[in-house]
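Chain by chain, the residues run as shown.
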Protein chains: 2
Amino acid sequence: MMGIVMHHTETTMTNTELSSGPRRTRQRAAVGAIMATLNEFHTAQEVHAALRDQDNSIGLATVYRTLNQMADADELDCIRTPDGQSAYRLCSHGHHHHLVCRRCGRTVEITPPDFEQWTRQVAAENGFIDLDHELELFGLCAECAAA
Amino acid sequence: MMGIVMHHTETTMTNTELSSGPRRTRQRAAVGAIMATLNEFHTAQEVHAALRDQDNSIGLATVYRTLNQMADADELDCIRTPDGQSAYRLCSHGHHHHLVCRRCGRTVEITPPDFEQWTRQVAAENGFIDLDHELELFGLCAECAAA
DNA sequence: CTGTATGCAAACATTTTGCATAAGC
DNA sequence: GCTTATGCAAAATGTTTGCATACAG
């Protein structure tokens, strides 16, 4: 973690970080493809099961790794479901937020007025940088409320 | 779970559910007391550790059970932290939100303008009831940014 | 005394990680 | 041919549960 000195004379990775992202593998393509077809949030387990069901099974760990990476790369949005699982969805066009039914999981996209701008202002006022935020509303949708 | 018929002639619990809530035990009092002193969200593990530190140690499972029960009884608010733990806080009268440094944990209380009112409006527009929400901002505070 | 609450340890579920192997570039 | 990605199984994590015991009412 500290003070490790590398003594080998030359690395193979010559050019300055032209490494150009992750390698294109069947598994990564499969995850990307299936995420493209899903419009709601889904857990890693669900994605894994869905791939298995379409005879394109890949390792569960790989699903977790890939989803994490895609989320880190801002390709996916990630939220925590009320029961504590991570759920992912294709990240379209800048952050957005959701109104989620805590029973059936139905989600509605919402856009708070002036929200992003307000977060920047608050952060600036308090000397914070490198801002991120999390905003979700939870409730019972009409159907679940009726049932 | 179903169809279990009790054959003993009389139960001890005579009157119609005058059971009057949970029993008052040292452990439950300890959890209640410590939650009363905390103004931020804290996980079960943190509560357990805090009690141990003040030589009032109780079982971890009991902490989980008690917090769950208090949350079910609407005595505590519960959120999920970004890393997937449940965090509890005394259920106060009008929610507030925070700007949290993701390095040192320093928190600043923030009050989005018209936020609660806006959430009610959005929920109503979408037929959602029994609303709850979660809003936190994360960033690097000035000190941590300098370091 | 009766039944609920506790503590402990084991069970559980979800997610992460170590390591040998396969595969991309 | 380097090096990254994968799969598997094991570890780690956070939480819940079964059961014998302690204790509140």
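Because the structure is predicted, anything quoted here is derived from the model rather than measured. (Residues numbered from 1 in each chain as written. Chains lettered and ligands numbered in written order. Predicted model: local features only at pLDDT ≥ 70, side-chain atom pairs only at ≥ 80, totals over all residues. Heavy atoms only, no water.)

(A) Structural context of the interface of chain A and chain B. Every contact between the two is made by 38 residues of chain A and, on the other side, 38 residues of chain B. At the boundary of chain A with chain B, total buried surface from both sides reaches about 2,900 Å², with 66% on carbon and sulfur atoms. When residues of chain A are sorted by the area they lose upon contact with chain B, Trp118(A), Phe128(A) and Glu134(A) head the list and together hold 24% of the total. Connecting chain A to chain B are zero salt bridges. Counting across the interface, chain A meets chain B through one residue pair in polar contact (both at pLDDT 80 or more). Elements with a minimum of two residues in the side of chain A that touches chain B: strand 4 (97-101), strand 5 (107-110), helix 4 (115-125), strand 6 (129-140) and helix 5 (142-146) of chain A. Take the side of chain A that touches chain B: its biggest share by element is 12 residues, from strand 6 of chain A. (Contact = heavy atoms within 4.5 Å. Buried area = accessible area lost by both parts, 1.4 Å probe. Salt bridge = Lys/Arg side-chain N within 4 Å of Asp/Glu carboxyl O. Polar contact = N/O pair within 3.5 Å; in protein donor to acceptor, adjacent residues only side chain to side chain. Helix = DSSP H or I, 4+ residues; strand = E, 2+ residues; numbered from the N terminus.)

(B) Structural view of the protein's contact with DNA strand D. Close to DNA strand D lie 22 residues, the nearest being Arg23(A), Gln27(A), Arg65(A), Tyr64(B) and Ser86(B). Sugar plus phosphate, as a fraction of atoms of DNA strand D within 4 Å of the protein: 66%. One of the side-chain N or O atoms of Thr62(A) is found 2.8 Å from a phosphate oxygen in DNA strand D. Between DNA strand D and Tyr64(B), the relevant distance is 2.6 Å, taken from a phosphate oxygen to a side-chain nitrogen or oxygen of the residue. Where the surface near DNA strand D is concerned, the elements lending two or more residues are helix 1 (26-37) and helix 3 (60-72) of chain A together with helix 3 (60-72) of chain B. (Near = heavy atom within 4 Å.)

(C) Highlighting a negative patch on the surface. Residues and elements named next belong to chain A. Residues Asp 72, Asp 74, Glu 75 and Asp 132 make up a contiguous surface patch of negative charge. Mapped onto the fold, Asp 132 is located in strand 6. Look at Asp 132 and you get partly exposed, because its relative accessible area is 32%. (Patch = residues over 30% accessible without salt bridge, like charges linked within 9 Å, V, L, I, M, F, W, Y side chains within 5 Å. Areas by Shrake-Rupley, 256 points an atom, 1.4 Å probe, with all protein chains shown as cover. Lys, Arg positive; Asp, Glu negative; His and termini not counted. Charge placed at Lys NZ, Arg CZ, Asp CG, Glu CD. Buried < 20%, exposed > 50% of the residue type's maximum accessible area, 1.4 Å probe, protein only.)

(D) Just the sheet that holds strand 1 (residues 42-43) of chain B, in detail. Residue and element names in this part refer to chain B. Within the open sheet, the three strands sit side by side as 1-3-2. Their pairing is antiparallel. Of all strands in the sheet, those bounded by a partner on one side alone are strand 1 and strand 2 (76-80). Looking at chain direction, strand 1 and strand 3 (residues 86-90) are connected through two bridges and run antiparallel. In the strand pairing of strand 3, His 42 is matched with Tyr 88. (Pairing = 2+ DSSP bridges.)

(E) Summary view of the pairing of strand 2 (residues 76-80) of chain A. Residue and element names in this part refer to chain A. Pairing analysis gives five bridges linking strand 2 to strand 3 (residues 86-90), with the strands arranged antiparallel. Bridge assignment links Asp 77 to a residue of strand 3, and that residue is Arg 89. Counted along the chain from strand 2 to the antiparallel partner strand 3, the turn is five residues long, and its residue Gly 84 has a positive phi close to 90 degrees.

(F) Layout of the protein's contact with DNA strand C. Looking at DNA strand C, there are 22 residues lining it, with Tyr64(A), Arg23(B), Gln27(B), Thr62(B) and Arg65(B) nearest. Backbone sugar and phosphate groups make up 64% of those atoms of DNA strand C lying within 4 Å of the protein. Between DNA strand C and Arg65(A) there is a distance of 3.5 Å, counted from a base oxygen to a side-chain nitrogen or oxygen. In this structure, a base nitrogen belonging to DNA strand C sits 2.7 Å away from a side-chain N or O atom of Arg65(B). Those elements that place two or more of their residues in the surface near DNA strand C are helix 3 of chain A together with helix 1 (26-37) and helix 3 of chain B. With five residues, helix 3 of chain A is the largest single contributor of residues to the surface near DNA strand C. Taken together, the residues of the surface near DNA strand C sort by class into six nonpolar, nine polar and seven charged. (Nonpolar A, V, L, I, M, F, W, Y, C, P; charged D, E, K, R; others polar.)

(G) Highlighting the confidence of the model for chain A. The predicted model of chain A has a mean per-residue pLDDT of 78, with 79% of residues at 70 or higher. Within the model, the stretch residues 1-18 of chain A combines pLDDT values under 50 with one contact to residues more than four positions away or in other chains. (pLDDT = per-residue confidence, 0-100.)

(H) Summary view of the packing of helix 1 of chain A against helix 2 (residues 44-53) of chain A. Residue and element names in this part refer to chain A. Axis separation between helix 1 and helix 2 bottoms out at 11 Å; the angle between their running directions is 100 degrees. Accordingly, the angle class assigned to the pair helix 1 and helix 2 is roughly perpendicular. Taken together, the residues of helix 2 that come into contact with helix 1 (itself represented by Ala 30, Val 31, Ile 34 and Met 35) are Val 47, Ala 50 and Leu 51. Its residues assigned to classes, the contact of helix 1 with helix 2 shows seven nonpolar, no polar and no charged. (Axes fitted to C-alpha atoms, helices over the stretch in contact; angles between N-to-C directions. Parallel < 35°, antiparallel > 145°, perpendicular 65-115°, else oblique.)

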